[in-house]
Amino acid sequence: MNRREFLKSSAVFASMMCLPSALRKACGAAATSSSAPVRKPNVLLILADDQGYAELGVQGCKDVPTPNIDSLAKNGIRFSDGYVACCLCSPSRAGLMTGKYPESFGYEFNPGPPSVAPANFGLPLTETTFADRFKKMGYATGVIGKWHLGYKPELHPLKRGFDEFYGFLSGAHNYLPGKGKGKEPILRGEERVEQPEYTTDAFARETVEFIDRHKSEPFFLYLSFNAVHSPLEATDKYLKRFESMKDGKRKKYAAMTAALDDAVGLAMDKLRELKLEEDTIVIYLSDNGGPTGVTTSLNTPLKGAKGNVYEGGIRIPFIMHWKNHLPAGEVYKKPVISLDLMPTCIAAAGEKVDPEWKLDGINLLPYLRDETTDAPHETLFWRMGDKRAIRQGDWKLVAPGKQEFELYNLAEDISETKDLAKEQSEKAKQLREIFESWSGQMKQPLWGSKPSKGKGNNAEQEE
Ligand code: CA
């Protein structure tokens, strides 16, 4: 089906989307008037960790094949200008889970591991999560993998809207069994369990089992891989695929990516086997840019890396796949942000966002279905202490630290090489005012940034 045909039929799809796929197939459009029970679409939200902009085949990666993730893009929508709300793990996740700028509730900095985390660290109980909202809508909810939104019992996933949890609470974890033993347990619910597998393989297995267990009801599964965050650890199964790779560090990273891609493939195989592909919105993104120095994860052609607010820290691989409900093989080029995912999925489920929730994200469906040519967002903002940025259209004003603001035109200069702040001082001033106005509405950080430990790019090594 070409794009024109797709759009013509999208209204029919839209009217049928609340019916089970089997019924849709059997009855066609006539089924829309039936009183059949409503099946809401499942949501499989896949989050990679520290995967840079350049690290998928469809994003230009040449040395590490990612056929399964690429397939999501080829059969769905790839966002060339997809952002996260922060350049580090934990605040980025706080934004993803709430649909709000994390700075709006003081979640501005990463906490560090449990041993040094501030006493008040975690997603405040005043905030409502993605899972809270979907649980209320009648969904089975689960999280598999990395949590990183609080270590205390009252902030555990099972207290934040998730029915099921398999994974770990902190910001990083060893992949190989036996490594780092005793430091950070794998939990099933609140129980510590033995974990004999490579974690990425274990998370894939748990995902397949979760999908199978909940095949007859709508589910929201947050699949939060620690891949491809440090430490670099891989098994022979995946290392073997890169025998010719000379750089040992890159080789391990490549093997970790291969495991991640295989895991995504297993999840998709299960959805297809159960004929749930058309009933499942599959989203894939990374929580922040690649820490190139630490893991080799590249952000090309973007400047910067994990831990800063140049594009390489905040613009990430971002894909949405929903067979027969969204266009296939498109690249959407207007800026979107991870905060949009919750309201988009709520709309896909046929429910409404209450303005009282004060979400910063918006429902992307009308934009993705060409029902409007407007941009989803006029402006996007980032703040992590002195690191500040605003994007408006093609313009980006960025203060990479204590330095002055720099101005770039991303349409002409995606790599942020030519600072136009002096040349275009009026534009810089205008954006600065918009930024300050937004920043003034944000909360004071609930906890501070971790003190630096010696030389090197500490931000890249943060969990
Ligand atoms: Ca991360």
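Residues numbered from 1 in each chain as written. Predicted model: local features only at pLDDT ≥ 70, side-chain atom pairs only at ≥ 80, totals over all residues. Heavy atoms only, no water.

Student: What's the story with the overall build of the chain in this structure? I'm lost.
Tutor: Within the chain, the regular secondary structure consists of 14 helices and 16 strands. A total of 463 residues make up the chain; the buried ones form 59% of that total. Contacts in the chain between residues far apart in sequence, at least 24 positions, make up 69% of those at least 6 positions apart. With the model as given, the accessible surface of the chain reaches about 18,500 Å², and the carbon-plus-sulfur share is 51%. (Helix = DSSP H or I, 4+ residues; strand = E, 2+ residues; numbered from the N terminus. Buried < 20%, exposed > 50% of the residue type's maximum accessible area, 1.4 Å probe, protein only. Contact = heavy atoms within 4.5 Å. Areas by Shrake-Rupley, 256 points an atom, 1.4 Å probe, with all protein chains shown as cover.)

Student: Can you walk me through the sheet that holds strand β6 (residues 186–188) in this structure?
Tutor: Strands belonging to one sheet form pairs held by backbone hydrogen bonds; the direction of such a pair is parallel or antiparallel. If you walk across this open sheet you meet the 10 strands as β7-β6-β5-β4-β8-β1-β9-β10-β2-β11, and the pairing is mixed. In this open sheet, the two strands that pair with only one neighbour each are β7 (191–193) and β11 (330–332). Taken pair by pair, the neighbouring strands of this sheet meet at an average axis angle of 15°, ignoring direction. Bridge count between strand β9 (residues 280–286) and strand β10 (residues 318–321): 4 bridges; the pairing is antiparallel. Bridging across to β10, Ile283 finds its partner in Met320. (Pairing = 2+ DSSP bridges. Axes fitted to C-alpha atoms, helices over the stretch in contact; angles between N-to-C directions.)

Student: It is not clear to me how the environment of Phe130 should be interpreted in this structure. Could you clarify?
Tutor: Relative to the elements of secondary structure, Phe130 occurs in helix α5 (residues 130–136). Those residues in contact with Phe130 that sit more than four places away from it in its chain are Leu45, Leu96, Met97, Phe220, Leu341, Met342 and Cys345.

Student: Is there a simple way to explain unusual backbone geometry in this structure?
Tutor: Among all residues save glycine, negative phi is the norm, and among peptide bonds the norm is trans. Cis peptide bonds are those with omega within 30 degrees of zero, and the linkage from Ser230 to Pro231 qualifies with 5°. Along the chain, the position of Pro231 falls in the loop between β8 (219–224) and α7 (236–239). Here the residue pair Thr300 and Pro301 is connected by a cis peptide bond, since its omega of 5° sits within 30 degrees of zero. Take Pro301: it is sitting in the loop between α9 (292–295) and α10 (311–314).

Student: What exactly am I supposed to notice about the sheet that holds strand β14 (residues 387–392) here?
Tutor: Pairing is antiparallel across the open sheet formed by 4 strands, whose spatial order is β13-β14-β15-β16. The outermost strands of the open sheet, each flanked by one partner alone, are β13 (379–384) and β16 (406–409). This sheet shows a mean twist of 10° between the axes of neighbouring strands, independent of strand direction. In this sheet, β14 lies alongside β13 in antiparallel orientation, the contact comprising 6 bridges. When the sheet's bridge partners are listed, Trp382 is paired in β14 with Ala389. Taken strand by strand, helix α13 (residues 425–441) contacts β13, β14, β15 (395–399) and β16, and its axis lies near 115° from that of β14.

Student: Can you help me understand the coordination of the calcium ion in this one?
Tutor: Each pair of donors in an ideal four-coordinate tetrahedral metal site encloses 109.5 degrees, whereas pairs in an ideal six-coordinate octahedral site enclose 90 or 180 degrees. Taken together, Asp49 (OD), Asp50 (OD), Cys89 (SG), Asp287 (OD), Asp287 (OD) and Asn288 (OD1) make up the protein donors of the calcium ion, found 2.2 to 2.5 Å from the metal. Coordination at the calcium ion is irregular, judged from the 6 donor atoms that bind it and the angles of 54 to 159° they form at the metal. Sequence spacing among the residues donating to the calcium ion works out to D-D-x38-C-x197-D-N. Here Asp49, found in the loop between β1 (42–48) and α3 (67–74), pairs with Asp287, found in the loop between β9 and α9; they are 238 residues apart in sequence, far enough to count as distant. According to the relative accessible area criterion, Asp49 is buried, its value standing at 0%. (Donors = N, O, S within 2.8 Å, 3.2 Å for Na, K, Ca; no water. Tetrahedral: all angles 85-135°; square planar, octahedral: opposite > 155°, others 65-115°.)

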